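# Observations on chain architecture
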Amino acid sequence: MSDSLPLVQLQVIAPILTALTARGIDPETVLESVGLTVSAVEQPGSTVHVMVIHQFLENCATFANDKSFCATVGASLDKTGWPMIKKAMADARTLGELLTIYVTLASQVASSVTPFLDIRGAMAVFGERRRFKPLVLPAQNDGFMISLKLSMIEIAVGEQLDGTNVALVVSDPSVLPKPMTRFQVLKGDEMGSKIQFPSEWLNTPLSAHPSIKEPETSQFKVSDSSFLASFRSLLRQQVPMGGISANQAAQLVHLNTRTLSRRLAKFGTTTTKEVLAAKIEYAQNALEKSNRSAEEIAFDLGYSDPSNFSRAFAKVAGTSPSKYRAQHRNSQSED
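### Side note on the environment of Met-191
Structurally, Met-191 is set in the loop between β6 (184-187) and β7 (194-198). Taking relative accessible area as the criterion, Met-191 reaches 16% and is therefore assigned buried. When the C-alpha atoms of Met-191 and Pro-138 are compared, they prove to be 8.7 Å apart, with 53 residues separating the residues in sequence.

Take a look at the structure:
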């Protein structure tokens, strides 16, 4: 990733989109407020200037009418859903190793900040420092990151994480949810957030708290392959009815979104990918067998802007809806 501009990979805001949907807020509307689209977020490796991310997160809190929105999402995030954290958790044996690996990997997805882990005698400091002065106060960004970092430390230390030995530094303390006020909260500048905690915790083995390990689920009585086939079949039935959110997709198989994500990860796929695949399959069938316009098909699938549908379709099918219809109509007439 280039260091010439403060860039961030769009994949990092995927959990925010899920949280917006869970609150009944259309993610596309919030994305459009800063000139982004869902298809851009889904594009692997796509990046954007960090100022766009800062404004997007501030807009999320406004749309949700909740000043602590992003901090709450960061605290409740399924950490295994982030590749860099999942990798760190898989390779690390202690908290120190976990945070060190995370710092190394995090620098690969954002050129806008420098993550760090410093040991200063009896205290350790885990945080990030911005490389560029932000144009807007990144309050929501700081809230999200401080909550995420705090939950990573909690993976190892568990109940030791109390208000007497932890200090949080953010640009705007008012964005933190009430449960986090048990810690010492300090107002910092706009250049980054950080957590201070006892350095002896770095030696804590991750195995010290078995609760962090993913529990084996026994709620499914069908095989994994049958589950995936059934899930895909349900999606195909649902997507023509105005689209489907991640939360609605999970409800189809009586799971919450986090459990469904873990279940699908075993097959190397995600809820977003499966929903998109079902939408494109429906669109291809409609383009081949009906005279309905691409705009009508797009609205069936929940796209408020047909151009977003066209981009998503082209990404999967390799061509635009109109060209796809022409190609398949020609092949049918030749047969």
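From this point, the narrative continues.
### A look at unusual backbone geometry
One non-glycine residue, Asn-65, adopts positive backbone phi at about 55 degrees. Tracing the sequence through the fold places Asn-65 in the loop between α4 (50-64) and α5 (69-76).

### Side note on the nonpolar core
A general tendency of soluble globular proteins is for nonpolar side chains to be buried together. Residues Ile-16, Phe-56, Phe-69, Leu-95, Ile-153 and Phe-197 are the most contacted members of the largest nonpolar core, which totals 65 residues. By residue number, the principal contributor to this core is helix α8 (residues 139-157), which donates 11 residues. Setting aside anything within four residues of it in sequence, one finds Phe-56 in contact with Ile-13, Ile-16, Leu-17, Leu-20, Val-30, Leu-31 and Val-34. Residues Ala-249, Ala-278, Leu-287 and Ala-312 belong to the second largest nonpolar core, which totals 25 residues.

### As for the packing of α5 against α8
One can describe the packing of α5 onto α8 by two numbers: an axis separation of 7 Å at closest approach and a directional angle of 20 degrees. The pairing of α5 with α8 is recorded here as roughly parallel in orientation. For the crossing formed where α5 meets α8, the hand is right-handed. Packed against α5, whose contacting residues are Phe-69, Cys-70, Ala-71, Val-73, Gly-74 and Ala-75, the element α8 presents Gln-140, Gly-143, Phe-144, Ser-147, Leu-148 and Ser-151 at the interface. Among the residues making up the contact of α5 with α8, the classes are represented as 7 nonpolar, 5 polar and no charged.

### Some remarks on the packing of helix α7 (residues 95-106) against α8
Where α7 meets α8, the axes come as close as 9 Å, and the angle between the chain directions of the two elements is 150 degrees. Classified by the interaxial angle, the pair formed by α7 and α8 is roughly antiparallel. Crossing hand, α7 versus α8: right-handed. Each of Leu-95, Leu-98, Leu-99 and Tyr-102 in α7 lies in contact with α8, whose residues at this interface are Met-145, Lys-149, Met-152, Ile-153, Ile-155, Ala-156 and Val-157.

### As for the pairing of strand β3 (residues 113-120)
As defined by bridge partners, β3 adjoins strand β4 (residues 123-130) across 8 bridges and the pair is classed as antiparallel. Following the sheet pairing, Ile-119 is matched in β4 by Ala-124. Once β3 ends, the chain turns through 2 residues before running back antiparallel as β4, passing Gly-121 with a positive phi of about 65 degrees.

### A closer look at α4
For α4, built from 15 residues, the straight-helix expectation of 21 Å at 1.5 Å per residue is met to within 8% by its first-to-last C-alpha distance of 21 Å. For α4, the buried fraction is high: 11 of the 15 residues fall into the buried class. Turning to α4, its buried residues are Val-50, Met-51, Ile-53, His-54, Phe-56, Leu-57, Glu-58, Asn-59, Cys-60, Ala-61 and Ala-64. Note on α4: the residue one or two positions beyond its end, Asn-65, has a positive phi of about 55 degrees.

### Side note on the confidence of the model for the protein
Overall, the prediction assigns the protein a mean pLDDT of 84, with 88% of residues at 70 or greater. Taking the mean pLDDT of every element in the protein, the minimum, 72, falls on helix α9 (residues 224-238) and the maximum, 96, on strand β5 (residues 167-170). Overall, residues 208-225 carries pLDDT values under 50, and its contacts beyond four positions in sequence, including any with other chains, amount to 22 contacts.

### Details of the side chain of Asn-59
Within the secondary structure, Asn-59 is located in helix α4. Note on Asn-59: relative accessible area 15%, which makes it buried. Setting aside chain neighbours within four positions, we find Asn-59 in contact with Val-30, Ser-33 and Val-34.

### Describing the state of the cysteines
Within the structure shown, the criterion is met by 0 disulfides. We note that Cys-60 lacks a disulfide partner, and the nearest cysteine sulfur, in Cys-70, lies 5.4 Å from it. Here Cys-60 falls in the buried class, since its relative accessible area comes to 0%.

Conventions we followed
- Residues numbered from 1 in each chain as written.
- Predicted model: local features only at pLDDT ≥ 70, side-chain atom pairs only at ≥ 80, totals over all residues.
- Heavy atoms only, no water.
- Helix = DSSP H or I, 4+ residues; strand = E, 2+ residues; numbered from the N terminus.
- Buried < 20%, exposed > 50% of the residue type's maximum accessible area, 1.4 Å probe, protein only.
- Core = buried A, V, L, I, M, F, W, Y, C linked by side-chain atoms within 4.5 Å.
- Contact = heavy atoms within 4.5 Å.
- Axes fitted to C-alpha atoms, helices over the stretch in contact; angles between N-to-C directions.
- Parallel < 35°, antiparallel > 145°, perpendicular 65-115°, else oblique.
- Left-handed = near helix turned anticlockwise from the far one by under 90°.
- Nonpolar A, V, L, I, M, F, W, Y, C, P; charged D, E, K, R; others polar.
- Pairing = 2+ DSSP bridges.
- Expected span 1.5 Å × (residues − 1).
- pLDDT = per-residue confidence, 0-100.
- Disulfide = S-S within 2.5 Å.

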